[in-house]
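Okay, here's what each chain looks like letter by letter:
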Amino acid sequence: MSPLESLPAGTTLPVDLDEAAHRCLVAGFDGTTTVPDTLKRLIDRGLGGVILFTRNVRDAEQVRRLSETLRALRPDLLVAIDNEGGGIGHLVGAGAPDVPGSYALGVVDDPALTAACADALAGHLATLGITASYAPVADVQVHPDNPIVRTRAFGTDPELVSRHVRAWIAATEARGIASCAKHFPGHGGTVTDSHHDLAVDPRPYDELDLAPFRAAIAAGVPMLMSAHVVFPALDANRPATLSRRILGDLLRRELGFDGVLVSDALEMKAIADRYGEAAGARIALAAGADQVIVAVPDLEVTLSCRDAVLGALNAGVLHDERVVEAAERVRRLAERYAVPAGTVAPWDADVGLAAARRAVRSQDLPEPVRGAHVVDLFPPPHPALNWGGEDLLSEMRAVDGPASGTAVTGEPADPATLAEGIVRVSRRAPLVVATCDAGLHPWQRELRDALLARRPDAVRVATGLPEDGALCSYGRGRANLRAVAEALTGA
């Protein structure tokens, strides 16, 4: 047994309080078929949930068996995953439905279509025995330089976002899956990715984007996830995840939310670099969180968070009543969602591509091109979000076999020389130049402009947020890219 698995020195907690503390934890882990012994002991002590990632996924049958194995250890264990759709998800290997990201759904602005896409994702989760989905994103894409929300949001208008958040929650609930609106009270007004550093939203209170979270609460969302973002208008000293003013005064008292408030992952640098994961767990629970996520597979980190909570309870720094209250909310959530449905009705397998097509075709389309040379510029996949690096050339070739191309996934050493080489290789073929959030990546703008200077006839595509003068896919999920490939080729 690891030294961290024993209680802190001098700790003597009642069994029911020890179990309550464990209910407040959600753990990540390594493995696809076996459960680590340390995780088994945590589950035995009352662990509230586990979060799955790509590292836990091989195929559908394997995920189904893994979730059954986990639940056999404790029937009320919540098995959760990030499942936003588009390029954000971890279940590609398990046959996840291809649906466009939220921004494309907001462009179409048909809540029934959003509900059908959410139904497909939730139905698939139900077949795998996964009972909680950390989606939808309720953030509003406000700041043009925001590096992390972007096409994960339904759009830039709070009322539009609210419509689609409601539709998503209702569809997920109808499948018996727990949804989770995130990241309260909003991450879209920042210019920092909280995975990498502490983010700040400097806007005054009346400009914050609370409407989608109000809508989620009114729709009965069972979970909200907090943002590792400082809002000086609410609490100048602490990020929302650690703020009693934000989680207690605003969320619980003013907005009236009585579901489970779960933290974003504590190992994100916004928390880990300034407080440490263990202190973050203790402070978050004291501030009003009901569960804290420790997503890293290293269970020693989870144990250190657990021990910090137990030690704080023993010392009276963290009040028993606060942890018992949190655990009771988790218990109610598990009672409602932990056991998956016995039978799962089919979902519309074609709705995702249909939705992506509607988004792409909502704009003026260029003349079809065939046998094009595709230059696809995009940043490396975000490690925490697992966008899988799907590329436009593959989707072009699926509808137009002679298409050729070049994928550039990072800043080239010599953009001018690369542009010359691409123009030479493409010869007289139609040229398609795709960028992904070129406003955030100067190297993309430089290479795009160098290509357009040599080939002003090139067709521009934007696969991130929309860009003037470009055909927009509104995301890099496979359905988004297939829909834009069809539009380019006239397929």
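Residues numbered from 1 in each chain as written. Predicted model: local features only at pLDDT ≥ 70, side-chain atom pairs only at ≥ 80, totals over all residues. Heavy atoms only, no water.

1. Focus on the overall build of the protein
As a reminder of what qualifies: Only DSSP runs of H or I reaching four residues or more are called helices, and only runs of E reaching two or more are called strands; each is numbered from the N terminus. Per-residue and other accessible areas follow the Shrake-Rupley method at a 1.4 Å probe size, with only the shown protein chains counted as cover for residues. In this count, Lys and Arg are taken as positive residues and Asp and Glu as negative ones, while His and the chain termini are left out. All charge positions are set by atom: Lys at NZ, Arg at CZ, Asp at CG, Glu at CD.
When helices and strands are tallied, the protein shows 17 helices and 17 strands. Overall, the C-alpha framework of the protein stretches about 75 × 50 × 40 Å when taken along its three principal axes. If you sum the accessible surface of the protein, you get close to 18,000 Å²; carbon and sulfur atoms cover 51% of it. Counting 48 positive and 64 negative side-chain charges, the protein places the centres of these two groups 2 Å from one another.

2. Things to note about the packing of helix H13 (residues 351-360) against helix H17 (residues 478-489)
Filter applied, for reference: In this analysis, axes come from line fits to C-alpha atoms, helices being fitted only over the stretch in contact, and the angle between any two N-to-C directions falls in the range 0 to 180 degrees. Any angle from 65 to 115 degrees is called roughly perpendicular, while one under 35 is roughly parallel, one over 145 is roughly antiparallel, and all others are oblique. For any helix crossing, the convention is left-handed if the near helix is rotated counterclockwise from the far helix by under a right angle, and right-handed if that rotation is clockwise. Here, two residues are considered to be in contact whenever any of their heavy atoms come within 4.5 Å of each other. In this count, Pro and Cys sit with the nonpolar residues alongside Ala, Val, Leu, Ile, Met, Phe, Trp and Tyr, while Asp, Glu, Lys and Arg are called charged and the others, Gly among them, polar.
One can describe the packing of H13 onto H17 by two numbers: an axis separation of 8 Å at closest approach and a directional angle of 50°. Classified by the angle between their axes, H13 and H17 sit oblique to one another. Read as a crossing pair, H13 and H17 show a hand that is right-handed. Taken together, the residues of H17 that come into contact with H13 (itself represented by Gly 352, Leu 353, Ala 356, Arg 357 and Val 360) are Ala 479, Asn 480, Arg 482, Ala 483, Val 484, Glu 486 and Ala 487. Tallied by class, the residues present in the contact of H13 with H17 amount to 7 nonpolar, 2 polar and 3 charged.

3. As for the packing of helix H8 (residues 244-254) against helix H10 (residues 277-287)
Between H8 and H10, the least distance of the axes is 8 Å, while the angle of their chain directions is 20°. By the criterion of interaxial angle, the relationship of H8 to H10 is roughly parallel. Where H8 crosses over H10, the two elements pack in a sense that is right-handed. The residues of H10 that touch H8, namely those facing Arg 244, Leu 247 and Gly 248, are Ala 284, Ala 286 and Ala 287. Here the residues of the contact of H8 with H10 are counted per class, giving 4 nonpolar, 1 polar and 1 charged.

4. Comments concerning the pairing of strand E9 (residues 223-226)
Where we set the bar: Buried means the residue's accessible area, taken with a 1.4 Å probe over protein chains only, is under 20% of the maximum for its type, while exposed means over 50%, and partly exposed covers the values in between. By definition, two strands form a pair when at least two bridges between them are found by DSSP.
Going residue by residue along E9, you find Met 223 and Met 225 tucked away on one face and Leu 224 and Ser 226 tucked away on the opposite face as well. Bridge count between strand E7 (residues 180-184) and E9: 4 bridges; the pairing is parallel. Across the sheet, Ala 181 pairs through a bridge with Leu 224, a residue of E9. Bridging between E9 and strand E11 (residues 260-262) involves 3 bridges; their strand directions are parallel. Looking across to E11, one finds that Met 223 is bridged to Val 260.

5. Observations concerning the nonpolar core
For clarity, the threshold we go by: Each nonpolar core is a collection of buried residues, namely Ala, Val, Leu, Ile, Met, Phe, Trp, Tyr and Cys, held together in the definition by side-chain atoms within 4.5 Å.
In this structure, Leu 39, Leu 47, Leu 70, Ile 130 and Leu 224 are the most contacted members of the largest nonpolar core, which totals 103 residues. When residues of this core are assigned to their parent elements, the largest contribution, 9 residues, is made by helix H5 (residues 111-128). When neighbours within four sequence positions are excluded, Leu 39 is seen to be in contact with Ala 27, Phe 29, Leu 47, Val 50, Leu 70 and Leu 299.

6. Describing the pattern of salt bridges
This is how it is decided: The salt bridge criterion pairs a side-chain nitrogen of Lys or Arg with a carboxyl oxygen of Asp or Glu, the two atoms within 4 Å.
Summed over the entire model, instances satisfying the criterion amount to 44 salt bridges. Asp 197 serves as the salt-bridge partner of Arg 274, at 2.8 Å between the closest nitrogen and oxygen. Within this pair, whereas Arg 274 is found in the loop between helix H9 (269-272) and H10, its partner Asp 197 is found in the loop between E7 and strand E8 (199-200), the two being separated by 77 residues in sequence. For Arg 274, a relative accessible area of 45% translates into the label partly exposed. Note that Arg 203 and Asp 201 form a salt bridge whose closest N and O atoms lie 2.8 Å from each other. According to the relative accessible area criterion, Arg 203 is buried, its value standing at 15%. On the basis of relative accessible area, Asp 201 is assigned to the buried category, the value being 0%. Within this structure, Arg 252, Asp 258, Asp 290, Arg 322, Glu 325, Glu 328, Arg 329, Arg 331, Arg 332 and Glu 335 form a network of salt bridges that share partners.

7. Considerations on helix H1 (residues 15-23)
One turn of the α-helix equals 3.6 residues, which is why residues spaced by three or four share an orientation. For H1, the full list of buried residues reads Leu 17, Asp 18, Ala 20, Ala 21, His 22 and Arg 23. Those residues of H1 that are buried lie in contact with strand E1 (25-27), helix H2 (37-44), helix H11 (299-315) and helix H12 (320-337).

8. Here we look at the confidence of the model for the protein
So the rule is basically this: Confidence scores labelled pLDDT are given residue by residue by the predictor and lie between 0 and 100.
Of all residues in the protein, 97% attain a pLDDT of 70 or more, and the chain-wide mean is 95. A low-confidence stretch, residues 1-10 (pLDDT under 50), is modelled with 22 contacts involving residues beyond four sequence positions or located in other chains.

9. Some details on the sheet that holds strand E14 (residues 404-408)
The strand order E14-E13-E15-E16-E17 describes an open sheet built from 5 strands, whose pairing is parallel. Both edges of this open sheet fall to E14 and strand E17 (471-472), since each of them pairs with a single strand only. Across 4 bridges, the pairing between strand E13 (residues 373-377) and strand E15 (residues 431-435) is parallel. When the sheet's bridge partners are listed, Val 375 is paired in E15 with Val 433.

10. Considerations on the sheet that holds E11
A sheet is described by the order of its strands in space; here 3 strands give the open sequence E7-E9-E11, paired in parallel fashion. Looking along the sheet, the strands with just one partner apiece sit at the ends: E7 and E11. In this sheet, neighbouring strand axes are inclined to one another by 25° on average, regardless of whether the strands run parallel or antiparallel. The strands touched by helix H7 (residues 211-218) within the sheet are E7 and E9, with E7 carrying the most contacts at an inclination of about 150°.

11. Things to note about the packing of aromatic side chains
What counts here: Ring pairs are drawn from Phe, Tyr and Trp, using the six-membered ring of Trp, whenever the two centres fall within 6.5 Å, and their geometry is named by plane angle: stacked under 30 degrees, edge-to-face over 60, tilted for the rest.
In this structure the tally under the stated criterion is 3 aromatic pairs. Between the aromatic rings of Tyr 103 and Tyr 474, the centroid separation amounts to 6.2 Å while the plane-to-plane angle is 15°, which identifies the pairing as stacked. Pair noted here: Tyr 103 is in helix H4 (residues 102-108) and Tyr 474 is in the loop between E17 and H17, with a separation of 371 residues, a long-range link. Here Tyr 103 falls in the buried class, since its relative accessible area comes to 10%. With relative accessibility at 9%, the residue Tyr 474 sits in the buried group.

12. Observations regarding the side chain of Arg 448
Summarising the element assignment, Arg 448 is placed in helix H16 (residues 442-454). For Arg 448, a relative accessible area of 12% translates into the label buried. When sequence neighbours within four positions are dropped, the list of residues in contact with Arg 448 reads Leu 377, Val 433, Thr 435, Ala 438, Arg 460 and Glu 467.

13. Observations regarding the state of the cysteines
Put simply, the test is: The disulfide definition used here is simple: a pair of cysteine sulfur atoms within 2.5 Å.
Inspection of the entire model under this criterion finds 0 disulfides. For the unlinked cysteine Cys 24, the closest cysteine sulfur is that of Cys 305, found at 12 Å. Under the relative-accessibility criterion, Cys 24 is labelled buried at 0%. Note on Cys 472: no disulfide assigned, nearest cysteine sulfur contributed by Cys 436 at a separation of 11 Å.

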